Structures are given as C-alpha cells and as structure tokens.
Amino acid sequence: MRVLVFESNLMWSSRLVKSLQSLGHEAEVRTNWPLETDKADVAIVNLGEGPLPATKLIARLQELKIKTIGHAGHKEKDLHQLGKDAGCDILATNSELTFKLAELLERAK
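Every value quoted in this text rests on a predicted model; they were computed, and no experiment measured them.

Asker: For this particular structure, what's the right way to read the pattern of salt bridges?
Answerer: It is possible for side chains bearing opposite charge to pair when their charged atoms get close. Tallied over the entire structure, the rule returns seven salt bridges. Residue Arg 2 pairs with Glu 26 through a salt bridge whose shortest N-O separation is 3.1 Å. On the criterion of sequence distance, the pair formed by Arg 2 in strand 1 (residues 2-6) and Glu 26 in strand 2 (residues 26-30) is long-range, its members being 24 residues apart. The exposure class assigned to Arg 2 is buried, which follows from its relative accessible area of 19%. Judged by its relative accessible area of 48%, Glu 26 is partly exposed. Its salt-bridge partner being Arg 2, residue Glu 28 comes within 2.3 Å of it at the nearest N-O pair. Residue Glu 28 is located in strand 2, and its partner Arg 2 is located in strand 1; the two are separated by 26 residues in the primary sequence. Salt bridges here are not isolated pairs; linked through shared partners, they connect Arg 2, Glu 26, Glu 28, Arg 30 and Asp 38.

Conventions used here
- Residues numbered from 1 in each chain as written.
- Predicted model: local features only at pLDDT ≥ 70, side-chain atom pairs only at ≥ 80, totals over all residues.
- Heavy atoms only, no water.
- Salt bridge = Lys/Arg side-chain N within 4 Å of Asp/Glu carboxyl O.
- Helix = DSSP H or I, 4+ residues; strand = E, 2+ residues; numbered from the N terminus.
- Buried < 20%, exposed > 50% of the residue type's maximum accessible area, 1.4 Å probe, protein only.

Given below as structure tokens:
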C-alpha cells in the first residue's frame, strides 16, 4: 500500500514512515498539495499542524479518491470534530496511530 504522510514534525514523521515501512508499505512524507499524478491508497493527516489547512487538504484527497486517516491528540476534541466535518474516512488519536497503525490501515482499504 502506498501511504502519503502529511506531517511537519520531523521526529513524528520519520517514526511514522519507519513504522509504515516495517509493515511493508511504501510511505512518503509530503508538505505540498497532492497532484492528479499522485497515486496513493491512504493519506495520514495531522489535523493539528502542518503547512496545509486540514479541511482543504482532506477535500483534495477526497477528490483524488485517497482514503484519509486524520489524527490528533486524544484531548483535542475540536480537531477530531474538524476531521469528522471535513470528511476523514477514519479518525484516530496519536496513540492509536502509534499502537494500532496496522489496524487503521486495514480499515482504510
């Protein structure tokens, strides 16, 4: 599975890429808008930070038919609501992304 990671935190993004690769997936950290030529199965979007506005990014990913996993801290209820309203396919806490990544990816298929 090809996964686009929209994350500006270098430590978090490199850890996430390593986890994805260890699960056998191809992962790429992105800081720009996905293009028509981007072929990916899933995108992981940090709802709380990043160079791109989450709602517009999620809308663009939907246009490209790329499933979206939005994540934020477990106490950041407003960000989870933002992800829900924006149309994320799956919402997760940061700890779920860390400890249940394989399950989340399976649900996104």
